[in-house]
Amino acid sequence: MASAPSRRVLKLHNKNTDEILNAEYFIDGWYHPDAIARLNHFLRDWREDAVEDFDVGVFDILHTLHREGNPQEPLQVISGYRTPRTNSRLRSSNPAVASNSYHTRAMAVDFRFPGVSTRHLRDRALELGVGGVGYYGRSNFLHVDTGPVRNW
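In what follows, the accompanying structure is described. (Residues numbered from 1 in each chain as written. Predicted model: local features only at pLDDT ≥ 70, side-chain atom pairs only at ≥ 80, totals over all residues. Heavy atoms only, no water.)

Describing the nonpolar core
- Of all hydrophobic cores here, the largest spans 32 residues; its most connected members are L65 and F111.
- Only β1 (7–14), β2 (20–27), α1 (33–42), α2 (56–66), β4 (75–79), β5 (108–112), α4 (118–128) and β7 (141–145) provide two or more residues apiece to this core.
- With five residues, α2 is the single largest residue contributor to this core.
- Beyond its immediate chain neighbours, meaning those up to four positions away, F111 contacts L62, L65, L75, Q76, V77, I78, L121, F141, L142 and V144. (Core = buried A, V, L, I, M, F, W, Y, C linked by side-chain atoms within 4.5 Å. Buried < 20%, exposed > 50% of the residue type's maximum accessible area, 1.4 Å probe, protein only. Helix = DSSP H or I, 4+ residues; strand = E, 2+ residues; numbered from the N terminus. Contact = heavy atoms within 4.5 Å.)

What follows is the structure, encoded as structure tokens:
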């Protein structure tokens, strides 16, 4: 990953719950547990109100991509954690949903960033060379995860 700032902040807007979170989750070399807990709750499976501990690498990817635009504007989260039951339900109506999705492991987030093209975000995410990057141009969102490096 590019430079590692000593402080990392994420400002997020959940499109499903309309919640907004501004969390300084990394300060002077340490992940801040309270902020990580708030991020985990924010990215919960809102359909089942289920919270899971996220791989903090996802937060670092989002933080890096958030710096591509105005960080005062929130990233719009479309999907965070999904229980296996939610993922199965989504897959039954959309075969493009992966059966072993990294969303079910709290290792993936789908998002967009108003004012920054999704194509540009995809290119930057690919340059990072970490995890999976899924580009959904027609729906205008990007998937990032901390699984093996790959793209679609």
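Here we look at the side chain of T86
- Note that T86 resides in helix α3 (residues 84–93).
- With relative accessibility at 1%, the residue T86 sits in the buried group.
- A distance of 2.7 Å separates polar atoms of two side chains, one belonging to T86 and the other to D45.
- If near-sequence neighbours (up to four positions away) are discounted, T86 is found in contact with D45, R47 and E48. (Polar contact = N/O pair within 3.5 Å; in protein donor to acceptor, adjacent residues only side chain to side chain.)

Details of the environment of D18
- Checked against the element boundaries, D18 lands in the loop between β1 and β2.
- Looking at D18, its side chain comes within polar contact range of the side chain of H13, at 2.7 Å.

Comments concerning the sheet that holds β1
- If you trace the eight strands from one edge of the open sheet to the other, you get β3-β2-β1-β4-β5-β7-β6-β8, paired in mixed fashion. Sheet topology places β3 (30–31) and β8 (150–151) at the edges, where each strand pairs with a single neighbour.
- Both β4 and β5 contribute to a ladder of three bridges, which runs antiparallel. Bridge pairing links V77 to F111 in β5. (Pairing = 2+ DSSP bridges.)

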